[in-house]
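Fold and geometry: a report
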Amino acid sequence: MTARKIIIDTDPGQDDAVAILLALASPEAVDLLGITCVAGNVPLSLTSKNARIICELAGKPEVPVFAGCERPLGRELVTAEHVHGRTGLDGPDLPDPTMPLADGHAVDFIIDTLRSNPAGTVTLCPIGPLTNIATAFRKAPDIAEKVQEIVLMGGAYFEVGNVTPTAEFNIYVDPEAADVVFRSGVPIVVMPLDVTHKVLVTRDRNDRIRDLGTPVGLAVAQMTDFFERFDREKYGSDGAPLHDPCVIAYLIRPKLFSGRHVNVEIETGSELTMGMTVADWWQVTDRPANATFMGHVDAPGFFDLLTERLARL
Ligand code: BDR
Ligand code: CA
């Protein structure tokens, strides 16, 4: 199997950090061309710093990390310090990065990478608000047909919402950007809350990661310990959902997940349901399918994969 070329578009975020680590630990499956940062969980200055902290933690300072859009397409930025802490990476005590940001804007890196690679060979992996991806599609409409696939974390159907009663954070922060992406015609795989709320870092699972006895294992365990307190209080759940790593796990082992190829549209008009992913799960409309919306995951298989891969770093 040749490694799939990917760009991770991200707003780290502890779960984003674990997604980046999983990708960096799996070079036979994914060839990480670059990391593009966006404002989301915390402002851009912190997300673009946190991505570099994680590359250095993994011993991979050569991965180019680009700063992207500072705010959503048409609205004020909403952040999530109440979940991720003031830095976005609260939990472990990690040093500031010494590697610089790569030159240029994240959006231009996405455009240039898609133009300079053969059509259908680069996969986009957005795990934050979709501002950078939508901006790239608007600025360079020719690139959409060159994307192999978009595999993203965002949205919900049965779980409905986490930041409002009807919206998931990544889509809610920039619904106009999500609308551009879901209308782009690019093949899309969605990891919604329906899946990620089943991928819970229970104490046993976190202890297995901590017991790796490596700086990476310890940092991940401390990150998820921090992250967990919020979900335990909110949902009473047994551990934090590892949302974003589902995207990378899908690229490595797609059979861990299953879902339906359906129509998904984004609410951009109603304040009450702003950012809702209206997924036609029961296929009650004749709107054309535009996304594979995942619903099920083999959670023990996911954690076996994650633990085995983190042990490599
Ligand atoms: C998503 O929002 C962020 O807080 C997480 O990093 C994840 O990407 C979950 O709703
Ligand atoms: Ca994220």
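Preceding block: the structure.
A brief report on the enclosed structure follows.

Quick notes on the rules
Residues numbered from 1 in each chain as written. Chains lettered and ligands numbered in written order. Predicted model: local features only at pLDDT ≥ 70, side-chain atom pairs only at ≥ 80, totals over all residues. Heavy atoms only, no water. Donors = N, O, S within 2.8 Å, 3.2 Å for Na, K, Ca; no water. Helix = DSSP H or I, 4+ residues; strand = E, 2+ residues; numbered from the N terminus. Buried < 20%, exposed > 50% of the residue type's maximum accessible area, 1.4 Å probe, protein only. Contact = heavy atoms within 4.5 Å. Pairing = 2+ DSSP bridges. Right-handed = clockwise from strand over helix to strand, strands pointing away. Core = buried A, V, L, I, M, F, W, Y, C linked by side-chain atoms within 4.5 Å. Near = heavy atom within 4 Å. Polar contact = N/O pair within 3.5 Å; in protein donor to acceptor, adjacent residues only side chain to side chain. Areas by Shrake-Rupley, 256 points an atom, 1.4 Å probe, with all protein chains shown as cover. Nonpolar A, V, L, I, M, F, W, Y, C, P; charged D, E, K, R; others polar. Axes fitted to C-alpha atoms, helices over the stretch in contact; angles between N-to-C directions.

Details of the coordination of the calcium ion (ligand 2)
Around a metal, the ideal angle is 109.5 degrees if four donors adopt a tetrahedral arrangement and 90 or 180 degrees if six donors adopt an octahedral arrangement. Within the protein, the atoms that donate to the calcium ion (ligand 2) are Asp11 (OD), Asp16 (OD), Asp16 (OD), Ile127 (O) and Asp244 (OD), at distances of 2.2 to 2.6 Å. Sequence spacing of the donors to the calcium ion (ligand 2): D-x4-D-x110-I-x116-D. Taken together, the positions of isoleucine 127 in the loop between strand S4 (122-126) and helix H5 (131-139) and aspartate 244 in the loop between strand S8 (240-241) and helix H11 (245-252) put the pair 117 residues apart, joining distant regions of the chain.

Focus on the environment of valine 151
Within the element layout of this structure, valine 151 appears in strand S5 (residues 147-153). Under the relative-accessibility criterion, valine 151 is labelled buried at 0%. Distance in space between the C-alpha atoms of valine 151 and leucine 124 is 6.4 Å, their sequence separation being 27 residues. Not counting residues within four places of it along the chain, the set of residues in contact with valine 151 comprises Arg4, Thr123, Leu124, Cys125, Pro126, Val189, Val247, Tyr250 and Leu251.

Observations regarding the pairing of S5
The element S5 is extensively covered by neighbouring structure, given that 6 of its 7 residues are classed as buried. Here 3 bridges tie S4 to S5, and the two strands are oriented parallel to one another. Its bridge partner being in S5, valine 122 is matched across the sheet by valine 147. Between the parallel elements S4 and S5, the chain passes through H5 in a crossover that is right-handed. Pairing analysis gives 4 bridges linking S5 to strand S6 (residues 188-191), with the strands arranged parallel. Among the inter-strand pairings, methionine 153 is bridged to a residue of S6, identified as methionine 191.

With respect to the nonpolar core
Counting residues in hydrophobic clusters, the biggest one holds 61 residues, and the most contacted among them are Phe257 and Phe302. Per element, the largest residue contribution to this core is 8 residues, and it comes from helix H1 (residues 14-24). Formed by 37 residues, the second largest nonpolar core is a distinct cluster that contains Cys69, Leu130, Ala144 and Ala177.

Considering the site of ligand 1
Taken together, Asp15, Asp16, Asn41, His84, Ile127, Met153, Asn162, Glu168, Phe169, Asn170, His243 and Asp244 are the residues near ligand 1. Here an oxygen atom of ligand 1 sits 2.9 Å away from a polar atom, N or O, in the side chain of asparagine 162. Protein contacts shield 96% of the accessible area of ligand 1, which totals 280 Å² for the unbound molecule. Per-class residue counts for the shell around ligand 1 are 3 nonpolar, 5 polar and 4 charged.

Comments concerning helix H7 (residues 175-182)
Burial of H7 is extensive: 6 of the 8 residues sit out of reach of the surface. Among all positions of H7, only Pro175, Ala177, Ala178, Asp179, Val181 and Phe182 are buried. Where H7 is buried, its residues meet H5, S5, helix H6 (169-173), S6, strand S10 (264-266) and strand S12 (291-297).

Looking at the side chain of arginine 309
Within the element layout of this structure, arginine 309 appears in helix H12 (residues 299-310). By relative accessible area, arginine 309 is classed as buried at 6%. Discounting residues that sit within four places of it in the chain, arginine 309 has contacts with Leu22, Ala25, Ser26, Glu28, Ile252 and Arg253.

As for the sheet that holds strand S1 (residues 4-10)
Strand order in the open sheet formed by 8 strands is S3-S2-S1-S4-S5-S6-S12-S9, and the pairing between neighbours is mixed. Pairing within the sheet leaves two strands with one partner each, and these edge strands are strand S3 (65-67) and strand S9 (257-262). Here the strands of the sheet are splayed against their neighbours by 25 degrees on average, with no regard to which way each runs. When S1 meets S4, the two strands line up parallel, connected through 5 bridges. What sits directly across from isoleucine 7, in S4, is leucine 124. Packed on one face of the sheet, H7 meets S5, S6 and S12 and runs near 140 degrees to S6.

Observations regarding the environment of aspartate 15
As for its placement among the helices and strands, aspartate 15 is situated in helix H1. Overall, aspartate 15 belongs to the buried group, its relative accessible area being 4%. Counting along the chain gives 226 residues from aspartate 15 to proline 241, while the straight-line C-alpha distance between them is 8.4 Å. With residues near it in sequence (within four places) discarded, aspartate 15 still touches His84, Phe227, Leu242, His243, Asp244 and Pro245. At 3.3 Å, the side chain of aspartate 15 and the backbone nitrogen of aspartate 244 are in polar contact.

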